[in-house]
Amino acid sequence: MVCPPFLLSLRKIWRSALIGGGVALLLALVGMVGTFHSRSVINNVVSVGQVLFLFPVWYATYVSLRQMSEERKKVLIASLTAGIVGSLPLVLLLLIGAGINLRAMFVNASPALYKILTFGQNLWPGVLVLIVVSALVTLTAGLLLQLSSRWQRALIQGFLWLFIAGLMRDLILTVTNRWGPLAGVVQFFFAANGLTPLGAVLLLAIVIGLAFRPRRQVESQPVNSRARWMVLGGIALIFLFLPQILGPFFSEILDNVMMYILMGLGLNIVVGYAGLLDLGYVAFFAIGAYTMGILTSPELNAHPLTYWQALPFAMVIAMISGVILGLPVLKLRGDYLAIVTLGFGEIVRLLVLSDWLRPWLGGTQGIQLIAQPKIGNLTLQSQVQLYYLFLAWVVVVVFIAWRLKDSRLGRSWMALREDEDVARAMGINHVTTKLLAFATGALFSGISGTIFAAKLTSVYPHSMNFLVSINVLALLILGGMGSIPGVFVGALVLIGAPELLREFAEYRYLVYGALLVAMMLYRPEGLWPEERRKLELHEEEFVESTSVAAETE
Amino acid sequence: MLRTRLRGVTFTDIVVWLIGLIILVGMIWGSIATIRLGKYSASTWTDLIVTGLALGGVYALIALGYTLVYGILRMINFAHSEVFMSGAFTATFAATGLMNIGWWDRMPILSLLIVLAVAALVSATVAFLVERIAYRPLRNAPRLVPLITAIGASFFLQYTFRGLYGSGLKGYPEMAIFKGEIVFFGIRFFKTQLVVIIGAILMMLILYSIVQYTKIGKAMRAVSEDKDTAALMGIDVDRTISTTFVLGGASAGIAGILYLILFPVAHFFMGFIPGLKAFTSAVLGGIGNVPGAFLGGIILGLLESVGPSLFLDGLGIPAAYQLKDAIAFTVLVFILIFRPSGILGERLTETKA
């Protein structure tokens, strides 16, 4: 039997819509739809939960439709039917859930979820409504594709900003309420929950308007150094006054972000520059924090030191432990190195937890009464004060990392990352080079640990788990391995944003996991890539495009 | 001869060997001290050994998944521990369901088969999907890349199952026929341990014969030798790799049930530690080598159950059992540093390792 081409492409679209529906089903059963339903994008009209179960089908349809070249009527038919097909997994859930109590197994398959999925209707009308809404939503994908590409981009951007604004309503208002006249303007857009309908329309119009602003053709010319310094200065100023701009509510979050930026800059040297995947990175953070604890806490120590006296010891011990870890793993590469470092991290944690070392390390109870840093008579203890301590260290560490990057050592690291054998043949001493990478990374992480200990005035082994290493790795990959601004971007997005959305906390690692996979699949160089790595990862495309260019010339 | 060997020795080698030597001396000293102390009777030791064997059987079965995948793709399937967890966690619900309708005690063999089938099916599906989504598109990427996706997939699965089934502990119902103990030649076995040991050996034999004697096994071995040549010989490489993942997944699911028979509590984080230990077993035996996985599993199981009492008690370390995981990880670190090819493995060349 010969299938007409339209049916073939229809089948392809249905298949991807079904995958989208499967994702929606997963999001519903994992509980994200239910949790996020209480947050509105537009008050009483669209909730974030509804977006979560409708968007996957829409996106799957849009992506697969884009690859299809058919006439208008057929595209619209395809998009409409895709919505019906894509809603089937959720319809199935509703039908099964009506008969059997799924809750014994899937904790989130509750009547509350069914109510969200049926838009508050009973079973049969609800199923119908779900199918119709889904079909209408995907129809917009078909309609969108009829527009010019400029309009498409503008509309997508508009709805994206709409979603973000609705999601972040509480935060935006907390920040802007501190700024008198601005508060009135912003409050006009927002309702008690999400945006007001009028505000949403207005915001959409503004973003679309901005997308159509006359744009100068941006030529890819070398940025002149003065403009670059001004941008850098601007960023520095923003960071300097960040606690004042955002207000006290954010100080705790900012401290956390800065802590991870410090760790990220350290791991960036180990993983990003030298290409040594270290999964036990939290161990150095723990060593920094514990050294500070042991030396300054009167609990374990008859002659407690002050923070500043203990700091050099903590730094030196962190560096030495970096070298100690580095020595045995010098010969290992890639995945074996990752596993060994993971094993080291776990051994450190188990030893700290054990009764054996309790007299020295405090066991499960940890260490309390750790000294807070003092400058003159001023004790740095409030979150804002600690923010500036973090910031001072971040500035120092960024400077070191930035200068190291193009130094002889930095270039040796990158050479080792690219090809160890060749690098060694070129006369690079792999032993000292690798050990210096481990030591520098450990040092930065250790510093972060000392401030962490001083901030909480206590350390517990439970706060030093494997998840910290994963957090740091994830922020590095999101930002772009080897890129210093990437670390900032990654930390702000991955550490800052989840703290802001408390509903998100439960799904944090689920999203991180998906993010790691998605980044590797679609954008391995990260959001703010380092130039050299970008070239490496897209080497083939680059070679292809230049060869094509050469041929056409 | 000696001279040429000595010339290659560097300072770092000496340091590493010194650390190894210190640990070895500590182990021997501890063992002698423990035995002279006479704190444990002979029957305690045999109990510990039996426990170790049962545990080792489970590790061996999980290790198979690592070994099969490593053999074929030269990558560590970091998400394999979550494949193990997914089957076991899901099967717990099947077991509870069977218990509620009364089959669990009336038809134990049938119920056990159903539960095993559920676990194997779920784990195999998860393993298949992970390969399809996270690994296949990246097969030719730099080596660090699939490792990172594997870590991502692992976390995604852990927290997905946490969302699906909740974050609490879920009890796996005990079976009436597995209660009690049997004495063979004066050695006491719990019935559960016996079931686990027999089950693990049976599964190993089945998997070994699949790899050695069936057509798909032959295809798997061919692909692990050389993907391109295998493709030229008419082997569907993608399909063979998928089959490998399914096979490894199914055995992980069955290992999950055996694990639950020993430790009857399921939760979303249950895969991490056994997974890491199973990986240790795979490396210990020689990764890529099926009998090696079995050997490695048994050795690690024994080390873990006997080790704390034998090596550490004599050194006067309190609550030595707390450090049993530390022993396993120390083995992991040292085997990777000193002999990454394992006990039965061939010496891998630089490009392969």
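Conventions we followed
- Residues numbered from 1 in each chain as written.
- Chains lettered and ligands numbered in written order.
- Predicted model: local features only at pLDDT ≥ 70, side-chain atom pairs only at ≥ 80, totals over all residues.
- Helix = DSSP H or I, 4+ residues; strand = E, 2+ residues; numbered from the N terminus.
- Rg over C-alpha atoms; globule rule 2.2 N^0.38 Å.
- Buried ≥ 20, exposed ≤ 12 C-beta atoms within 10 Å, placed from the backbone.
- Contact = placed C-beta atoms within 7 Å.
- Pairing = 2+ DSSP bridges.
- Domains from an automatic or database assignment.
- Nonpolar A, V, L, I, M, F, W, Y, C, P; charged D, E, K, R; others polar.
- Expected span 1.5 Å × (residues − 1).
- Core = buried A, V, L, I, M, F, W, Y, C linked by C-beta atoms within 7 Å.
- Axes fitted to C-alpha atoms, helices over the stretch in contact; angles between N-to-C directions.
- Left-handed = near helix turned anticlockwise from the far one by under 90°.
- pLDDT = per-residue confidence, 0-100.
- Parallel < 35°, antiparallel > 145°, perpendicular 65-115°, else oblique.

## Considerations on the overall build of chain A
Logical step 1: Summing up its helical and strand segments, chain A has 26 helices and four strands in all.
Logical step 2: Since a compact globule built from 553 residues should have a radius of gyration of about 24 Å, the 27 Å found for chain A is in line with a globular shape.
Logical step 3: Across its three principal directions, the C-alpha atoms of chain A cover 80 × 60 × 55 Å.
Logical step 4: Buried positions account for 45% of the 553 residues belonging to chain A.
Logical step 5: For chain A, the share of sequence-separated contacts (at least 6 apart) that also reach a separation of at least 24 residues comes to 76%.

## Considering the overall build of chain B
Logical step 1: A tally of regular secondary structure across chain B gives 14 helices and four strands.
Logical step 2: Expressed along its principal axes, the backbone C-alpha trace of chain B runs to roughly 65 × 60 × 40 Å.
Logical step 3: If you take every contact in chain B between residues at least 6 apart in sequence, the share linking residues at least 24 apart comes to 78%.

## Remarks on unusual backbone geometry
Residues and elements named next belong to chain A.
Logical step 1: Unlike most non-glycine residues, Phe 119 shows phi in positive territory, near 55°.
Logical step 2: Here Phe 119 lies in the loop between helix 5 (111-117) and helix 6 (123-144).
Logical step 3: With 13 C-beta atoms counted inside 10 Å, the residue Phe 119 sits in the partly exposed group.
Logical step 4: In this structure, Thr 457 is a non-glycine residue whose phi angle is positive, near 55°.
Logical step 5: Looking at where Thr 457 falls in the secondary structure, it is placed in the loop between helix 21 (430-456) and helix 22 (466-479).
Logical step 6: By the C-beta count within 10 Å, which is 16 here, Thr 457 ends up partly exposed.

## Side note on the pairing of strand 3 (residues 187-190) of chain B
All names here are of chain B.
Logical step 1: In the sheet, strand 2 (residues 181-184) pairs with strand 3 via four bridges, with the strands oriented antiparallel. Of the residues in strand 3, the one forming a bridge with Val 183 is Arg 188.
Logical step 2: The antiparallel hairpin formed by strand 2 and strand 3 contains two residues in its connecting segment, where Phe 185 sits at a positive phi of about 45°.

## A closer look at the domain arrangement of chain A
Logical step 1: Partitioning chain A into domains gives domain 1 (1-146), domain 2 (152-212) and domain 3 (249-465).
Logical step 2: A straight line from the C-alpha centre of domain 2 of chain A to that of domain 3 of chain A covers 40 Å.

## What about the interface of chain B and chain A?
Often the size quoted for an interface is simply the accessible area lost on bringing the parts together.
Logical step 1: Each partner contributes to the interface: chain B provides 43 residues, whereas chain A provides 43 residues.
Logical step 2: Counting residues per element, the ones that place at least two in the side of chain B that touches chain A are helix 2 (11-37), helix 7 (144-165) and helix 14 (324-338) of chain B.
Logical step 3: Per-element accounting of the side of chain B that touches chain A gives the leading share, 16 residues, to helix 7 of chain B.
Logical step 4: When its residues are assigned to classes, the side of chain B that touches chain A shows 32 nonpolar, nine polar and two charged.

## Side note on helix 15 (residues 307-326) of chain A
Residue and element names in this part refer to chain A.
Logical step 1: End to end, helix 15 covers 28 Å across 20 residues, agreeing with the expected 28 Å (1.5 Å per residue, within 8%).
Logical step 2: Those residues of helix 15 not exposed but buried are Tyr 307, Ala 310, Leu 311, Ala 314, Ile 317, Ala 318, Met 319, Ser 321, Gly 322, Leu 325 and Gly 326.
Logical step 3: Buried residues in helix 15 make contact with helix 14 (282-296), helix 16 (334-353), strand 3 (374-375) and helix 21.

## Some words on the nonpolar core
Logical step 1: Judged by nonpolar contacts, the single largest core of 269 residues is most densely connected at Ala 28 and Leu 262 of chain A together with Ala 88 of chain B.
Logical step 2: When residues of this core are assigned to their parent elements, the largest contribution, 15 residues, is made by helix 3 (residues 42-73) of chain B.
Logical step 3: Residues contacting Leu 262 of chain A, with those up to four places away along its chain left out, are Phe 390, Trp 393, Val 394, Val 397, Phe 444, Ile 447 and Ser 448 of chain A.

## Considerations on the packing of helix 1 (residues 5-30) of chain A against helix 4 (residues 72-99) of chain A
Residue and element names in this part refer to chain A.
Logical step 1: For the pair helix 1 and helix 4, the least separation of the axes is 8 Å and the interaxial angle reads 35°. Note that helix 1 runs across helix 4; the crossing there is right-handed. Contact residues: helix 1 offers Phe 6, Leu 10, Ile 13, Trp 14, Ala 17, Leu 18, Gly 20, Gly 21, Gly 22, Ala 24, Leu 25 and Ala 28, while helix 4 offers Lys 74, Ala 78, Thr 81, Ala 82, Val 85, Gly 86, Ser 87, Leu 88, Pro 89, Leu 90 and Leu 93.
Logical step 2: Along the lines of polarity and charge, the residues of the contact of helix 1 with helix 4 split into 16 nonpolar, six polar and one charged.

## Some details on the confidence of the model for chain B
Logical step 1: Per-residue confidence for chain B gives a mean pLDDT of 84, with 93% of residues at or over 70.
Logical step 2: As scored by the predictor, the complex reaches a pTM of 0.87 and an ipTM of 0.85.

## Overview of helix 6 of chain A
Residues and elements named next belong to chain A.
Logical step 1: Over its 22 residues, helix 6 extends 32 Å from the first C-alpha to the last, a length consistent with the 32 Å expected when each residue adds 1.5 Å.
Logical step 2: What helix 6 keeps buried is the set Val 127, Leu 130, Ser 134, Val 137, Thr 138, Leu 139, Ala 141 and Gly 142.
Logical step 3: Contacts made by the buried residues of helix 6 are with helix 3 (48-66), helix 4 and helix 5.

## Digging into the packing of helix 4 (residues 80-100) of chain B against helix 7 of chain B
Residue and element names in this part refer to chain B.
Logical step 1: Running from N to C, helix 4 and helix 7 point in directions that differ by 15°, and their axes come no closer than 9 Å. Accordingly, the angle class assigned to the pair helix 4 and helix 7 is roughly parallel. The crossing of helix 4 and helix 7 is left-handed. Counted together, Ser 81, Glu 82, Met 85, Ser 86 and Phe 89 of helix 4 and Ser 154, Leu 157, Gln 158, Phe 161 and Tyr 165 of helix 7 form the full contact between these two elements.

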